[in-house]
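Structural characterization, general
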Amino acid sequence: MKKLHVRITATSDRFDADDDRWLSQVRLLLDELGREVPLETRHTAGEPGTKSGGLHEVVLVIVSGAVGVVGVVISDWLKNSRDRAVHLRWDEGGEKGKLTVTTKNSDNATLQASVEHWLRSRFRGVEREEEPAPTQGDPSADGDSVG
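Residues numbered from 1 in each chain as written. Predicted model: local features only at pLDDT ≥ 70, side-chain atom pairs only at ≥ 80, totals over all residues. Heavy atoms only, no water.

Okay, the pattern of salt bridges next. Scanning the entire structure with this criterion turns up six salt bridges. A salt bridge links Glu32 to Arg35; the shortest N-O distance between them is 3.0 Å. Within this pair, Glu32 and its partner Arg35 are both found in helix α1 (residues 20-36), separated by three residues, close to a single helical turn. Judged by relative accessible area, which is 30%, Glu32 ranks as partly exposed. Between Arg120 and Glu116 there is a salt bridge, with its nearest N and O atoms 3.8 Å apart. Here the residue Arg120 and the residue Glu116 both occupy positions in helix α3 (residues 108-121), the gap between them amounting to four residues, near one helical turn. Both residues of the pair, Arg120 and Glu116, belong to the buried class. (Salt bridge = Lys/Arg side-chain N within 4 Å of Asp/Glu carboxyl O. Helix = DSSP H or I, 4+ residues; strand = E, 2+ residues; numbered from the N terminus. Buried < 20%, exposed > 50% of the residue type's maximum accessible area, 1.4 Å probe, protein only.)

Written as structure tokens, this is what we have:
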């Protein structure tokens, strides 16, 4: 069974990245995702001025059957505040992709369908019938932004 490793980060237009209130909100997202798919934490090199020498990067380990639930969790978390964004990055086998999802200009159904479509397109050899029909706002393969 093929597994896709997707790096996930969340940002806010309202809070600084190290604000405790923001970190609490991000933990809620990661806790919910962790109930649905395995999470990996990777230590990354720190930038000058960061505490403890670096930040932890969170990676979702997704199998094709979990794509739908990941889309639901992300879209549900985003709809709680319009100042949030989720950034997904994928880099395997020399192929790269990224998707930024916000709620500023799209509805919940479009967000969920876009995230699911993007994740499903990352699986090579997945049956075509498993892919959802394209919807208005479906992103292209790389460097995408929804919202």
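Formed by 31 residues in total, the largest nonpolar core has its most connected members in Ile8, Ile62, Ile74, Leu88 and Leu119. Mapped by element, the contributors of at least two residues to this core are β1 (3-12), α1, β3 (56-63), α2 (67-78), β4 (84-92), β5 (95-102) and α3. By residue number, the principal contributor to this core is α2, which donates six residues. Leaving out residues up to four positions away in the same chain, Ile62 has contacts with Lys2, Lys3, Leu4, Val6, Val67, Val70, Leu119 and Phe123. (Core = buried A, V, L, I, M, F, W, Y, C linked by side-chain atoms within 4.5 Å. Contact = heavy atoms within 4.5 Å.)

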